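# What the coordinates show
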Amino acid sequence: MQIGIIQKVNEHHEPILQCTKEVTQLYCNRHNYTYIIDTAEWDKSRNPRWIKYPALHRAMQNHPEIDWFMWLDADILIMNHDITLDPFVNTDKDFVSETFILPKTYKIEDIQGEVILTWCKGQVVPWPSIHAGCMLFRNCEWAQSFIHELYADHKFWRPDLSGLTESDELAITIYLMHYPGYKEHTKFVPLGSFLTTNERKYFPEGVRIYKDGDFMVHIAAYPVHTRVKILEEYKQRFYNATT
């Protein structure tokens, strides 16, 4: 089975990719995975979080020999290279993702194809979500169609939705929860299978703090220079453990 890891960043986040890509390449080399950094132009009218979907679609069409693709945010560092992706893709499903509950001050519903965003003043609403920073797609017609439909769905171009920090994660969740034919293709893996972080500042309860032996660490939401600094510290920690 052939597996690829794909990444793409905008110009603002290029320093993060420069920091982490060496370790990602080492991981791919060890397990004979294909490593792709997409450099095509992207639609700058869209929230940069959506940059991943055209990149994934291109990779699938350009590399039919690859059976599965993992999207990996550039601010994720693979720390434990003994862990392979094989157990995650050993499934008859076509999409693999972690899921968790986000505490939010709004709720989103799909009512007859119309996405309704309601702000809940003074109230925190639990919202089931997936982690789009690290997810796996089988290279198949269904996954290509899902990615294309998701990116092209104009409901999620609305400023009130596209401006949300987790806009693409909410869109995927809407598809899985409300539209037939999507959840059935999805394998949910336990929280922590991919995602751990350095501190819980930007993540909800339930997301574990990184400890030695964990697969990956995600340094999200900080300013770029801060993320690079923290990632460099974890990269040195990785090299110290492997030499």
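Residues numbered from 1 in each chain as written. Predicted model: local features only at pLDDT ≥ 70, side-chain atom pairs only at ≥ 80, totals over all residues. Heavy atoms only, no water.

## A look at the pattern of salt bridges
- In total, this model carries 16 salt bridges according to the counting rule given.
- One salt bridge in this structure joins D168 and K52, with 2.8 Å as the shortest N-O distance. Here K52 lies in helix α2 (residues 52-62) and D168 lies in helix α6 (residues 167-178), a separation of 116 residues in the sequence.
- By relative accessible area, which is 4% here, K52 ends up buried.
- Between R138 and D94 there is a salt bridge; the shortest N-O distance is 2.7 Å. Of this pair, R138 sits in strand β9 (residues 134-138) while D94 sits in the loop between α3 (86-89) and β5 (95-104), and the two are 44 residues apart along the sequence.
- Residues joined in a network through salt bridges with shared partners are R49, K52, D168 and E169. (Salt bridge = Lys/Arg side-chain N within 4 Å of Asp/Glu carboxyl O. Helix = DSSP H or I, 4+ residues; strand = E, 2+ residues; numbered from the N terminus. Buried < 20%, exposed > 50% of the residue type's maximum accessible area, 1.4 Å probe, protein only.)

## As for the nonpolar core
- Counting residues in hydrophobic clusters, the biggest one holds 39 residues, and the most contacted among them are I5, M70, L85, L136, F194 and M216.
- Those elements giving two or more residues to this core turn out to be β1 (3-7), α1 (14-31), β3 (68-72), β4 (76-78), α3, β9, β11 (216-218) and α7 (224-242).
- Not counting the four nearest positions on each side in its chain, L85 is found in contact with I3, I5, Y27, Y33, M70, L136 and F215.
- Within the second largest apolar cluster, 34 residues are counted, among which are W142, Y151, Y175 and Y179. (Core = buried A, V, L, I, M, F, W, Y, C linked by side-chain atoms within 4.5 Å. Contact = heavy atoms within 4.5 Å.)

## Quick word on the side chain of S97
- Mapped onto the elements, S97 comes out in strand β5.
- Judged by relative accessible area, S97 falls into the buried class, the value being 0%.
- Residues within four places of S97 in sequence aside, it is in contact with I130, H131, M135, K187, F188 and V189.

## Considerations on α7
- Spanning 19 residues, α7 covers 27 Å between terminal C-alpha atoms, matching the ideal 27 Å at 1.5 Å per step.
- Of the positions making up α7, those classed as buried are V224, R227, V228, I230, L231, Y234, K235 and F238.
- Next to the buried residues of α7 lie α1, β4 and β11. (Expected span 1.5 Å × (residues − 1).)

## Some remarks on the packing of α1 against α7
- Contact geometry for α1 and α7: axes closest at 8 Å, N-to-C directions at 20°. As far as their axial angle goes, α7 and α1 are roughly parallel. In terms of crossing hand, the pair formed by α1 and α7 is left-handed. Across the interface between the two elements, P15, I16, C19, T20, E22, V23 and L26 of α1 pack against V224, R227, V228, L231, E232, K235, F238 and Y239 of α7.
- A per-class count over the contact of α1 with α7 returns ten nonpolar, one polar and four charged. (Axes fitted to C-alpha atoms, helices over the stretch in contact; angles between N-to-C directions. Parallel < 35°, antiparallel > 145°, perpendicular 65-115°, else oblique. Left-handed = near helix turned anticlockwise from the far one by under 90°. Nonpolar A, V, L, I, M, F, W, Y, C, P; charged D, E, K, R; others polar.)

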